[in-house]
Amino acid sequence: MKIERIHRIVGLWMVLLSPFTFHLSPCLAQTSMLSIGVRGGGQTYLPTAAVGATGEVRPGIGGAGALDVRYTYYGAVGAQVELGFGIGAGFGYGAASLKGTNTDTYSNTDYLGNKMDYTVTSAFTQTDRFAKVDASLLFAMRFGGVTLNIGPRFMMPLSATRTLTVNEANIDAYYPAYDVHVVNRQITGYLPTPYTDTRASNLPRMNVLVAAEIGYEWRFNRHALGVQLFAEAAVWSKQSSISNVQSPIISVAPISNANDPVPVVTVGSVESFVAHRRYLDFGIRAYYAFNIEHVVEHRFKPRGDTRNHRNRYYWW
């Protein structure tokens, strides 16, 4: 999906909202609300393993929180029902993780030219921590005190770092010429566990989400307090450029130096065998809102004093 298609989708959503918002009868009550709130809960990525990957990868849930600012417009379509739209922005921080197991197989040689067939199994947890900004355009409905919002939200992660922890590692070097297995020895490759490595993360740079919020709002004159349950999931993500070639999580270098026959063991990341990760966020939103303009009504109201020939009626 290209950026132009996203623009078309947002434009179509605005057209779909217009019969419920901009074309509401001017004789019915209209309300504009500005709200400031917080969102808190959990977030994760639903991963899909790459074709040919050996092992499994599954999501791990991390905490998340965000500041939420929103403008909401309502127009009454009945005694209790108000329809409209909400334009919002948010800024937050949180974490999400991937967990799983993996098996890598490859061949090396030692300094004598002997072939060494490696089978490396590992259990890992990769945790991504990142700030995020989002912008949304939501259909909004209020029925008495019940509120419902649904629509697209654009989310972009910022300053992402990832911590990879290898909880278990098993390095098996097999010499087919001698039919000998050497397992977890420094001379053929050994990684003490748990092993931890932190570096910049490679998260999807842009995410288009579908967000849904439902809750209750208590109104006091021109002010309101509200609580909502929310959930949002990515329907499209723009992945950062990564190599399509799967690389091992744990790599053992060839043994090329007779004076130092200990091979170098390198720990990579899980990125190469995760084909796609779908962002998922859920939790509770609490907010305070206030009217930023009067309810617009077509009213007929008498003036008290007409002795100076002032108009007895006026619009308010």
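Residues numbered from 1 in each chain as written. Predicted model: local features only at pLDDT ≥ 70, side-chain atom pairs only at ≥ 80, totals over all residues. Heavy atoms only, no water.

**Some words on the overall build of the protein chain**
To keep things clear, this is the line we draw: Elements are defined by DSSP. Helices are runs of H or I of four residues or more, strands are runs of E of two residues or more, and each kind is numbered from the N terminus. Partly exposed residues are those whose accessible area sits between 20% and 50% of the maximum for their type, while under 20% is buried and over 50% is exposed, using a 1.4 Å probe and protein chains only. Each accessible area is a Shrake-Rupley estimate made with a 1.4 Å probe; only the visible protein chains count as cover when residues are assessed.
Counting its regular elements, the protein chain contains 1 helix and 15 strands. Burial statistics for the protein chain: of 316 residues in total, 43% are counted as buried. Here the protein chain displays about 16900 Å² of accessible surface, and carbon together with sulfur accounts for 60% of that area.

**Brief notes about the nonpolar core**
Where we set the bar: Definition of nonpolar core: a set of buried residues of the types Ala, Val, Leu, Ile, Met, Phe, Trp, Tyr and Cys, connected through side-chain atoms within 4.5 Å. Pairs of residues are marked as contacts when any of their non-hydrogen atoms sit within 4.5 Å.
Counting residues in hydrophobic clusters, the biggest one holds 32 residues, and the most contacted among them are Y118, I250 and V270. Residue assignment for this core shows that the elements contributing at least two residues are strand 4 (81–109), strand 5 (115–143), strand 6 (146–175), strand 11 (250–252) and strand 13 (274–291). Here this core gets 8 residues from one element, more than from any other, and that element is strand 6. The residues contacting V270, other than those within four sequence positions of it, are L98, F124, Q126, L164 and I249. Judged by nonpolar contacts, the second largest core, of 6 residues, contains Y74, A140, Y287 and A289.

**Here we look at unusual backbone geometry**
The peptide bond linking T193 to P194 adopts the cis configuration, its omega dihedral lying at 0 degrees. Within the secondary structure, P194 is located in the loop between strand 7 (180–183) and strand 8 (195–200). Backbone geometry at D179 places phi at a positive 55 degrees, although glycine is not the residue there. Using a relative accessible area of 56% as the deciding quantity, one classes D179 as exposed. Even without a glycine there, the phi angle at N221 is positive, about 55 degrees. Looking at the element boundaries, N221 is found in the loop between strand 9 (206–220) and strand 10 (223–238).

**Here we look at the packing of aromatic side chains**
This is how it is decided: Only the six-membered ring of Trp is used, alongside the rings of Phe and Tyr, when aromatic pairs are assigned; centres must lie within 6.5 Å, and planes under 30 degrees apart are stacked while those over 60 apart are edge-to-face, with the rest tilted. Two conditions define a charge located above a ring, namely a distance within 6 Å from the ring centre to NZ of Lys or CZ of Arg, and an angle within 35 degrees of the ring normal.
Going through the model one piece at a time under the given rule, you end up with 8 aromatic pairs. In textbook terms, an aromatic cluster arises when at least three aromatic residues are bridged by ring pairs, as seen for Y45, F130 and Y279. Between the NZ or CZ atom of R142 and the centre of the ring of Y74, over which it lies, the distance is 4.2 Å. Positioned above the aromatic ring of Y45 is the side chain of R277, whose terminal nitrogen or guanidinium carbon lies 5.4 Å from the ring centre.

**Topic: the pairing of strand 10**
Put simply, the rule reads: What makes two strands pair is DSSP finding at least two bridges between them.
Where strand 9 meets strand 10, 15 bridges bridge the pair, whose relative direction is antiparallel. For V208, the partnering residue across the bridge sits in strand 10 and is W236. Between strand 9 and strand 10, which pair antiparallel and follow one another directly, the connecting turn spans 2 residues, one of which, N221, has a positive phi of 55 degrees. The sheet contact formed by strand 10 and strand 13 spans 11 bridges and is antiparallel. Its bridge partner being in strand 13, L229 is matched across the sheet by I284.

**With respect to the pattern of salt bridges**
Note the following rule: Put simply, a salt bridge is a Lys or Arg side-chain nitrogen that is within 4 Å of an Asp or Glu carboxyl oxygen.
Tallied over the entire structure, the rule returns 17 salt bridges. In this structure, R142 engages E82 in a salt bridge whose closest nitrogen and oxygen atoms are separated by 2.8 Å. Of this pair, R142 sits in strand 5 while E82 sits in strand 4, and the two are 60 residues apart along the sequence. With a relative accessible area of 2%, R142 lands in the buried category. Among the residues examined, E82 registers a relative accessible area of 12% and is labelled buried. Where E232 meets R153, a salt bridge forms, and the shortest distance between an N and an O atom there is 2.4 Å. One end of the pair, E232, is in strand 10; the other, R153, is in strand 6, and 79 residues separate them in sequence. Residue E232 shares its accessibility class with R153, and that shared class is buried. One continuous salt-bridge network, built from bridges that share partners, spans R39, D68, R70, D134, R153, E213, E232 and R285.

**A short note on a nonpolar patch on the surface**
The condition that has to hold: To count toward a patch, a residue needs a relative accessible area over 30% and no salt bridge; like charges are then connected within 9 Å, while nonpolar side chains (Val, Leu, Ile, Met, Phe, Trp, Tyr) are connected within 5 Å.
Where nonpolar side chains cluster on the molecular surface, the patch consists of F143, V146, I214, Y216, W218, F220, L225, V227, L229, I284 and Y288 and spans about 1100 Å² of accessible area. Here the nonpolar patch gets 4 residues from one element, more than from any other, and that element is strand 9. One can find W218 in strand 9.

**Quick word on the confidence of the model for the protein chain**
Here is the rule: For every residue, the pLDDT score states the predictor's confidence, bounded by 0 at the bottom and 100 at the top.
Overall, the predicted model of the protein chain reaches an average pLDDT of 85, with 82% of residues at or above 70. Long-range and interchain partners of residues 295–303, a stretch whose pLDDT sits below 50, account for 22 contacts in this model, where long-range means more than four residues apart. Long-range and interchain partners of residues 312–316, a stretch whose pLDDT sits below 50, account for 15 contacts in this model, where long-range means more than four residues apart.

**Overview of the side chain of D281**
Condition: Polar contacts, as used here, are pairs of N or O atoms within 3.5 Å; protein pairs need one atom able to donate a hydrogen and one able to accept it. Residues neighboring in sequence count only if both atoms are side-chain atoms.
Summarising the element assignment, D281 is placed in strand 13. One polar contact links D281 to K132, side chain to side chain, over a distance of 3.1 Å. Not counting the four nearest positions on each side in its chain, D281 is found in contact with G42, Q43, K132, F230, A231 and E232.

**Re the pairing of strand 6**
Where strand 5 meets strand 6, 24 bridges bridge the pair, whose relative direction is antiparallel. For R142, the partnering residue across the bridge sits in strand 6 and is T147. Connecting the antiparallel pair strand 5 and strand 6 is a turn made up of 2 residues, with G144 showing a positive phi of about 65 degrees. The pairing of strand 6 with strand 9 spans 10 bridges and is antiparallel. The residue bridging G151 from the neighbouring strand is A211, located in strand 9. The pairing of strand 6 with strand 8 spans 6 bridges and is classified as antiparallel. Bridge assignment links V166 to a residue of strand 8, and that residue is Y195. In the sheet, strand 6 pairs with strand 7 via 4 bridges, with the strands oriented antiparallel. Among the inter-strand pairings, Y175 is bridged to a residue of strand 7, identified as V180. In textbook terms, the turn of a hairpin is the stretch between consecutive antiparallel strands, and for strand 6 and strand 7 this stretch comprises 4 residues, one of which, D179, has a positive phi near 55 degrees.

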